[in-house]
Amino acid sequence: MSNQIRASSSLIRRLKQQMSNPAVLIQTRSFTPSEGQRPVIVHKRSLDILHDPWFNKGTAFSMTERDRLDLRGLLPPNVMSTDQQIERFMVDLKRLEVQARDGPTDPNALAKWRILNRLHDRNETMYYKVLIANIEEYAPIVYTPTVGLVCQNYSGLFRRPRGMYFSAEDRGEMKSMVYNWPAEQVDMIVVTDGSRILGLGDLGVQGIGIAVGKLDLYVAAAGINPQRVLPIMIDVGTTNEKLLKDPLYLGLQEHRLDGDEYVSVIDEFMEAIFTRWPNFEDFQSKWAFKLLQRYRYKYRMFNDDVQGTAGVAVAGLLGAVRAQGRSMIDFPKQKIVVAGAGSAGLGVLNAARKTMARMLGNNESAFDSARSQFWVVDAKGLITEDRENIDPDAKPFARKVNEISRQGLWEGASLVEVVQQVKPDVLLGLSAVGGLFSKEVLEAMRGSTSTRPAIFAMSNPTNNGTAYPIFFILCAECTPEEAFSIVGDNIIFASGSPFKDVDLGNGHIGHCNQGNNMYLFPGVGLGTLLSGSRIISDGMLQAAAECLAEYMTEEEVVKGKIYPSISSIRNITKEVAAAVVKEALEEDLAEGYRGVDARELQRFNQETIMASKLEAVATGDLNDYANWAPCSLRGQEELLEFVELNMWHPEYPTLVYRNE
């Protein structure tokens, strides 16, 4: 409770300044939807409208619009509702799934992607309406894991350009290039250099598919207006020899730039983009950590591979504590063995350590205490201070020699040996090594001191090296069947890729929780956008993770469910975005959004606190907390309303023609 009622000194100061005008404190706000349905002015008519996916309604154009836009006679006479249009599309989708397959090696998922992509090319509003209504089924089609298949085959699938392409050959021209994009306003940008796509390696320019797919989810989950999103590919060559020799490859057929040459291209690109659109950017690259450190306090940027994966994992770890019947404040007591010290693994480690430290007081002693809860194992074994040429990013987590000697461990100890000696509460896999959690490792987890050990096999799909690159195997460290059958029915299981729940018999179900980054990145993006925060702070990311961890009910976590259903993603995103806005306000980072300035946003935090309540909080006299809490709740409700009203919904607007 003390955390709920603690107010920062800066908040107290601002609210005291407003006390001279109590009406300001108690005034309720009437919102106008920023993404509501207003008539849209268009400068085209006739076939030009039908060929524009942003404005095309197909058979849903009303008769008055058909007259106004010179469409009468260009469409069948029957005007159909959006529900009828979707019904027709879904019937066709089910019928065409098999027919759309490109030969016997083309998986059904890729066939679905082809059909949905054709709808996207024709009618954006209907595409997003279908996607949102069927998000649980189609999110894995437009994004992971199917987007990996799409990226591998993008040169062959390319039909209509989406987004922008910057290349090493554009050096010196990027500031002028950004003005080639027609949209004056861009709220969300997703950038990739194609160097590392879902464990598939370097796919070069074909990596644009990941940016397109991710923005589809920003639109579907966060309600970002699709006319204000921009996927970007930075082509600096490729290390993929197959692509370098492929005459049909669409990108630069030269070896990838590296080192200072690479960084200079990215520097120019970042400056060019933020000159025109100083908004949120999600950057994906094998240089994840270095680019994040280089730019995060200069530009409003985010790296989902590092920060998104970390946030979702931390939310799952907090959920696992709840599933043990304990409070999340007990998280710093968890013993965690981590397999994998790449960018994803280190991102999770840093985020989990910061979360623990914040719970312990956020001082140097707290960080040192939090560090001692992790044992990190990479391809060379347990990382200790004796490791030669240790990765600087992994060094803070290297175990002290005197510590591990008392535990019967040593530099380079194997994963099995570490699990046997540590008896961890959590075994966390971010190694990209399929099957790493062998029978021996899982048997060792039986010795866990936890009442309910957790196994997180978080690695994503990868190519299996067969002659047909569209085939995948799951790269998870183990399957849920293996985990439940070897370790026991009472475990918590989470994975990075989707698995079916496991039937444990006698009516019991082993729940397979997918730690999908989709739970967080849309909310982080939307919350950052609406707050107008200059940067995305660690506190904002931690607030997002904690919000997600608290989303599940006690009944659900007791059953082993630590992540919600994707079908609730719009509501999840709304809650996460509100938590991000609130944290940005508390850290004095918020600058406001579209006519709602930081002062107005601040009122959402403590909308109706009167002078006496304010003094009670400031002085620590909290006997009147029962009266103060509903005021705080009212502010939270208005914050959620503000977020929801700024989420775009796929509804056909009224179109009005105006000659340019």
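Scoring rules and cut-offs
Residues numbered from 1 in each chain as written. Predicted model: local features only at pLDDT ≥ 70, side-chain atom pairs only at ≥ 80, totals over all residues. Heavy atoms only, no water. Phe/Tyr/Trp six-rings, centres within 6.5 Å; stacked < 30°, edge-to-face > 60°. Helix = DSSP H or I, 4+ residues; strand = E, 2+ residues; numbered from the N terminus. Buried < 20%, exposed > 50% of the residue type's maximum accessible area, 1.4 Å probe, protein only. Salt bridge = Lys/Arg side-chain N within 4 Å of Asp/Glu carboxyl O. Axes fitted to C-alpha atoms, helices over the stretch in contact; angles between N-to-C directions. Parallel < 35°, antiparallel > 145°, perpendicular 65-115°, else oblique. Left-handed = near helix turned anticlockwise from the far one by under 90°. Contact = heavy atoms within 4.5 Å. Nonpolar A, V, L, I, M, F, W, Y, C, P; charged D, E, K, R; others polar. Core = buried A, V, L, I, M, F, W, Y, C linked by side-chain atoms within 4.5 Å. Pairing = 2+ DSSP bridges. Expected span 1.5 Å × (residues − 1). pLDDT = per-residue confidence, 0-100.

Novice: Give a description of the packing of aromatic side chains that names residues and reports values.
Specialist: By the definition in use, this model includes 12 aromatic pairs. On the numbers, 6.2 Å between centres and 70 degrees between planes, the contact of Tyr143 with Phe521 is edge-to-face. Of the two residues, Tyr143 sits in the loop between helix H9 (135-142) and helix H10 (146-152) while Phe521 sits in helix H24 (residues 521-531), which places them 378 residues apart along the sequence. Residue class for Tyr143 comes out buried when judged on its relative accessible area of 6%. Summarising the aromatic geometry, the rings of Phe166 and Phe269 are spaced 5.2 Å apart at their centres and angled 70 degrees between planes, so their arrangement reads as edge-to-face. Note that Phe166 is positioned in strand S2 (residues 164-167) and Phe269 in helix H15 (residues 259-276), a separation of 103 residues in sequence. The two residues Phe166 and Phe269 agree in class, both being buried. Among the aromatic side chains, those forming a connected cluster through ring pairs are Tyr127, Tyr128 and Trp648.

Novice: Can you explain the pattern of salt bridges? Please cite residues and give values.
Specialist: Summed over all chains, the structure comprises 34 salt bridges. One salt bridge connects Lys559 with Glu555, and the closest N-O pair in it is separated by 3.8 Å. You can call Lys559 partly exposed: its relative accessible area is 46%. Given the relative accessible area of 56%, Glu555 is considered exposed. It is possible to trace a salt-bridge network through shared partners that takes in Asp368, Arg371, Arg399 and Glu403.

Novice: Which residues make up the packing of helix H18 (residues 343-360) against helix H19 (residues 364-371), and what are the values?
Specialist: Packed helix pairs are specified by the crossing angle of their axes together with the interaxial distance, meaning the distance between the axes. At their nearest, the axes of H18 and H19 sit 8 Å apart, and the two run at 130 degrees to each other. Classified by the interaxial angle, the pair formed by H18 and H19 is oblique. Crossing geometry of H18 relative to H19 is assigned as right-handed. Between H18 and H19, the contacting residues are Arg353, Lys354, Met356, Ala357 and Leu360 on the first element and Ala366, Phe367, Ser369, Ala370 and Arg371 on the second. Looking at side-chain class alone, the contact of H18 with H19 contains 6 nonpolar, 1 polar and 3 charged residues.

Novice: Account for the nonpolar core, with residues named and values stated.
Specialist: Membership of the largest hydrophobic core comes to 165 residues, with the highest contact counts inside it found for Ile232, Phe456 and Tyr563. Of all hydrophobic cores here, the second largest spans 30 residues; its members include Ala339, Trp375, Ala457 and Ile486.

Novice: Please provide a residue-by-residue account of the pairing of strand S15 (residues 502-505), values included.
Specialist: Both S15 and strand S16 (residues 508-510) contribute to a ladder of 3 bridges, which runs antiparallel. In the strand pairing of S16, Asp503 is matched with Ile509. Between S15 and S16, which pair antiparallel one after the other, the connecting turn spans 2 residues, and Asn506 there sits at a positive phi close to 55 degrees.

Novice: Tell me about the packing of helix H7 (residues 108-122) against H9, and please be specific about residues and values.
Specialist: In contact at an axis separation of 9 Å, H7 and H9 are set at 95 degrees when each is read in the N-to-C sense. When the axes of H7 and H9 are compared, the pair comes out roughly perpendicular. Facing H7, whose interface residues are Ala109, Lys112, Trp113 and Leu116, H9 presents Glu137, Tyr138, Ile141 and Val142. A class-by-class count of the residues in the contact of H7 with H9 yields 6 nonpolar, no polar and 2 charged.

Novice: How would you summarise helix H13 (residues 208-222) if you had to cite specific residues and measurements?
Specialist: Here H13 contains 15 residues, and its C-alpha end-to-end distance of 21 Å stays within 8% of the 21 Å for a straight helix at 1.5 Å per residue. Of all 15 residues in H13, 15 are buried; the element is thus mostly enclosed. The positive-phi residue at the C-terminal boundary of H13 is Gly223, with phi of around 70 degrees.

Novice: Please give an account of the sheet that holds strand S10 (residues 426-429) that cites residues and values.
Specialist: In spatial order, the strands read S9-S8-S7-S10-S11-S14-S17; together these 7 strands make up an open sheet with mixed pairing. Both outer strands of the open sheet, strand S9 (381-382) and strand S17 (512-514), are each paired with one neighbouring strand and no more. Relative to S10, strand S7 (residues 336-339) runs parallel, the two sharing 4 bridges. Paired with Val338 across the strands is Leu428, a residue of S10. Contacts from helix H21 (residues 415-422) reach S7, strand S8 (374-378), S9 and S10, with the element oriented near 175 degrees to S7.

Novice: Go over the confidence of the model for the protein chain with me, naming the residues and quoting the values.
Specialist: Residues of the protein chain with pLDDT of at least 70 account for 84%, and the chain-wide mean is 85. Residue range residues 621-631 is modelled with pLDDT below 50. Its contacts to residues more than four positions away, or to other chains, number 16 contacts.

Novice: Pulling in residues and values, what's your account of the environment of Gln407?
Specialist: Among the structural elements, Gln407 can be located in the loop between helix H20 (401-406) and H21. Residues Gln407 and Val418, 11 residues apart in the sequence, show an inter-C-alpha distance of 9.1 Å. For Gln407, the residues in contact, after removing those within four places along its chain, are Trp375, Arg399 and Gln421.

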